[in-house]
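# Structural features, examined
Each chain, written out:
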Amino acid sequence: MSYNVNMPFVQFAANLFIAEDPSFGNYDKETTHDLLKSIDINFSKYLDLSPFSTCNCFIAYKADCPECCKISPHHVIFLTATQNHWAQWAYQFAHEYCHHLINGELSGDISGLMWFEESVCELSSMFHIHLLFLQWKKNKHPLKSRYVPFHLNYLNALLTKNRQLISLTNQPGWLQSWDSLLSEPQCHRNHYNAIAAKMYPLFVANPRLWRIILHFGDTRKWNSLSELFEHLHQTADDSYSQSLSDLEKLLLS
């Protein structure tokens, strides 16, 4: 994947740069840059990282679909968000920034446990829109305060998007019944959304659980979810070890 190296980029945080591309439309740059920065700040808080301390991340426009890729030594996040559609900016950036933080191969291949990484990144979108709703609700900025209901509506739509699949997650062995489908070398985004919705309450209850993404590595190399959880338990600390056990039970029992 390549991008126009001649396109001017504006730096708005220590590791964040955004293309001055008219394809993004006429958006409020201050508010949008604050939104994107808040996703790093909120992630960093729960991951015990210094804000903006990961590798440089260049944000560019791409018409077809959002994506995070590696152009060594940097990462490039492509978004399709435009104008002041801030829930869309948050949804796309939080998903791709989660890939950025996991820092796997970013090759685009769907194999191994990439389906789980995609589900966790979908969850990242839900989680960060939830935080933006709470934070903007308290904000006196007129644009942010007026937009609060849109964040809530967008979040509720994500959490109820696939009602039939979500209802199946209440059955014993639900995830195992999807094994063959999820192992296919193609995306099943409705299933990722349902898995994310199932996991969402645990991450809201204990955001320290986000620390698991620091130990994923390249999710394409894991042979099974059980194998990954064994590794995650070995790397967990007391602040989220019980929540990790709850997550494992939620997914594997």
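Structural notes, computed from the coordinates. The structure presented is a predicted model; accordingly, all values stated were derived computationally and were not measured. (Residues numbered from 1 in each chain as written. Predicted model: local features only at pLDDT ≥ 70, side-chain atom pairs only at ≥ 80, totals over all residues. Heavy atoms only, no water.)

### Side note on the packing of aromatic side chains
To describe a pair of aromatic rings, one takes the distance between the centres and the angle between the planes. Summed over all chains, the structure comprises 20 aromatic pairs. Ring plane angle 90° and centroid distance 5.3 Å describe the contact between Phe 9 and Phe 58, whose orientation is recorded as edge-to-face. Placement of Phe 9 in strand E1 (residues 9-13) and of Phe 58 in strand E3 (residues 57-61) is noted, with a sequence separation of 49 residues between them. Given the relative accessible area of 22%, Phe 9 is considered partly exposed. Classification of Phe 58 as buried rests on a relative accessible area of 12%. Relative to Tyr 61, the ring of Phe 24 has its centre 5.6 Å away and its plane inclined at 85°; by these criteria the two rings are edge-to-face. (Phe/Tyr/Trp six-rings, centres within 6.5 Å; stacked < 30°, edge-to-face > 60°. Helix = DSSP H or I, 4+ residues; strand = E, 2+ residues; numbered from the N terminus. Buried < 20%, exposed > 50% of the residue type's maximum accessible area, 1.4 Å probe, protein only.)

### Re unusual backbone geometry
The peptide bond linking Ser 72 to Pro 73 adopts the cis configuration, its omega dihedral lying at 5°. Its place among the elements puts Pro 73 in the loop between strand E4 (67-71) and strand E5 (74-79). Unlike most non-glycine residues, Phe 52 shows phi in positive territory, near 60°. Summarising the element assignment, Phe 52 is placed in the loop between helix H1 (29-47) and E3. Despite not being glycine, Leu 106 has its phi angle at roughly 55°, a positive value. Looking at the element boundaries, Leu 106 is found in the loop between helix H2 (86-102) and helix H3 (114-137).

### A look at H2
For H2, built from 17 residues, the straight-helix expectation of 24 Å at 1.5 Å per residue is met to within 8% by its first-to-last C-alpha distance of 24 Å. When you tally the buried positions in H2, you get 16 out of 17 residues, the bulk of the element. Looking one or two residues past H2, Asn 103 carries a phi angle of roughly 60°, positive in sign. (Expected span 1.5 Å × (residues − 1).)

Any functional reading would require information that these geometric values do not contain.
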